[in-house]
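# Chain and residue survey
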Amino acid sequence: MDDARKETAEAFARLYDIMRTLRGPDGCPWDKDQTSVGLRYSLMEESFEAIDAITGGDPAHICEELGDVFFNVIFQAYLYEETGDFTVAQSLNSICDKLIRRHPHVFAGKEEKSGESASPLTMKDLLGQWENIKENLEGRKGDSVLDTVPQGFPPLLRAWKMLKKASRKEGSRQTTAEAFQDLTEKIQALPAREEAVQKEKSSPDSEAFTMSGGNEAVNKAQLELEADIGQALFALVNYSRLAGVNPALALDRANRAFYHRFTAWEKEKK
């Protein structure tokens, strides 16, 4: 065993032992009180913090935040080990088996590789192979390829993933120019929708939705505007996909730029 592999194995075993101690008879009352469902948000928050650190580019910060993600993952897995549903080792072996199964071009035996073409697989070939293995070997084929995209994803991420899945399935050849034209048309339709909402309002500041009563004409116009804005956002996600940009990362970048501009403006006003 080389030094890096040995050090990694020892570090993981140390983390596993710490987890067992924290949940043990003499462990921490807080850790012993946690549940898998209750820790969902912690896992989500730590994942976002790790993404934030990676974007920031500070290796020391990235190292710390990824450690927090590791802890949350093993915490979740260990809770299921305690109940007997599966062990931490089974979860680790599950992803190991999946990675080997989905990369036959890397892990297949010499006998299997001998019959392959000498030319390397293209990215399109690899993605097709990946989907084929998921659907046929792993039995993940549902009524629709879109069913594999979790409904719990944030809307922006879900739109991007669904569009990617759909394009692979139908072999879409839409160009960025065509997607941009579609986006432009949907954006140009918005002012008329927004004007329709304003016409139905009794005053410019009136709310479109109320808990009871309310103006049904306003609500109808507002819902139509909401649908059109959704279509425009969806078209932008599609354009982003074809341009090779992850829209969630692009929006995160815009959020950061806005934050820096606005906080700089606030300092100037003080």
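Residues numbered from 1 in each chain as written. Predicted model: local features only at pLDDT ≥ 70, side-chain atom pairs only at ≥ 80, totals over all residues. Heavy atoms only, no water.

### Quick look at the overall build of the protein
Looking only at helices and strands, the protein has 13 helices and zero strands in total. Traced from its N-terminal end to its C-terminal end, the protein shows the element sequence α-α-α-α-α-α-α-α-α-α-α-α-α. Counting the 270 residues in the protein, one finds 22% classified as buried. Across the protein, contacts joining residues at least 24 apart in sequence account for 61% of those joining residues at least 6 apart. (Helix = DSSP H or I, 4+ residues; strand = E, 2+ residues; numbered from the N terminus. Buried < 20%, exposed > 50% of the residue type's maximum accessible area, 1.4 Å probe, protein only. Contact = heavy atoms within 4.5 Å.)

### Remarks on the packing of aromatic side chains
Considering all chains together, one arrives at six aromatic pairs under this definition. Linked through ring pairs, Phe258, Phe262 and Trp265 together constitute an aromatic cluster. One Lys or Arg, Lys164, reaches over the ring of Trp160 and ends 4.4 Å from the middle of that ring. (Phe/Tyr/Trp six-rings, centres within 6.5 Å; stacked < 30°, edge-to-face > 60°. Lys NZ or Arg CZ within 6 Å of the ring centre and 35° of its normal.)

### With respect to helix H4 (residues 59-83)
With 25 residues, H4 ought to run about 36 Å at 1.5 Å a step, and its terminal C-alpha atoms sit 37 Å apart, in line with that. Those residues of H4 that sit buried are Ile62, Glu65, Val69, Asn72, Ile74, Phe75, Gln76, Ala77, Tyr78 and Leu79. Elements that come into contact with the buried residues of H4 comprise helix H1 (3-23), helix H2 (29-33), helix H3 (40-56) and helix H5 (88-101). Once H4 finishes, Gly84 follows within two positions and takes phi at roughly 85°, a positive value. (Expected span 1.5 Å × (residues − 1).)

### A closer look at the confidence of the model for the protein
When the pLDDT values of the protein are averaged, the result is 86; 85% of them are 70 or greater. Per-element confidence in the protein is highest for H4, whose mean pLDDT is 97, and lowest for helix H7 (residues 110-114), whose mean pLDDT is 48. (pLDDT = per-residue confidence, 0-100.)

### A word on the side chain of Ser167
Within the secondary structure, Ser167 sits in helix H9 (residues 155-170). Ser167 gets classed as buried once you look at its relative accessible area, which sits at 15%. At 3.3 Å, the side chain of Ser167 forms a polar contact with the side chain of Arg241. (Polar contact = N/O pair within 3.5 Å; in protein donor to acceptor, adjacent residues only side chain to side chain.)

### A word on the packing of H9 against helix H12 (residues 216-242)
Relative to each other, H9 and H12 sit at 60°, their axes nearing to 9 Å. Relative to H12, the element H9 lies oblique. Note on packing geometry: the crossing formed by H9 with H12 is right-handed. Note on element contacts: H12 touches H9 through Phe234, Val237, Asn238 and Arg241, opposite Leu156, Ala159, Trp160, Met162, Leu163, Lys164 and Ser167. Partitioned by chemical class, the residues of the contact of H9 with H12 number seven nonpolar, two polar and two charged. (Axes fitted to C-alpha atoms, helices over the stretch in contact; angles between N-to-C directions. Parallel < 35°, antiparallel > 145°, perpendicular 65-115°, else oblique. Left-handed = near helix turned anticlockwise from the far one by under 90°. Nonpolar A, V, L, I, M, F, W, Y, C, P; charged D, E, K, R; others polar.)

### Let's talk about the pattern of salt bridges
The full count for this structure, using the stated rule, is eight salt bridges. A salt bridge links Arg193 to Asp228; the nearest nitrogen and oxygen atoms lie 2.6 Å apart. Placement of the pair is Arg193 in helix H11 (residues 190-200) and Asp228 in helix H12, with a sequence separation of 35 residues. Its salt-bridge partner being Glu195, residue Lys199 comes within 3.7 Å of it at the nearest N-O pair. Within this pair, Lys199 and its partner Glu195 are both found in helix H11, separated by four residues, close to a single helical turn. Overall, Lys199 belongs to the exposed group, its relative accessible area being 64%. Residue Glu195 is classed as partly exposed on the basis of its relative accessible area of 45%. (Salt bridge = Lys/Arg side-chain N within 4 Å of Asp/Glu carboxyl O.)

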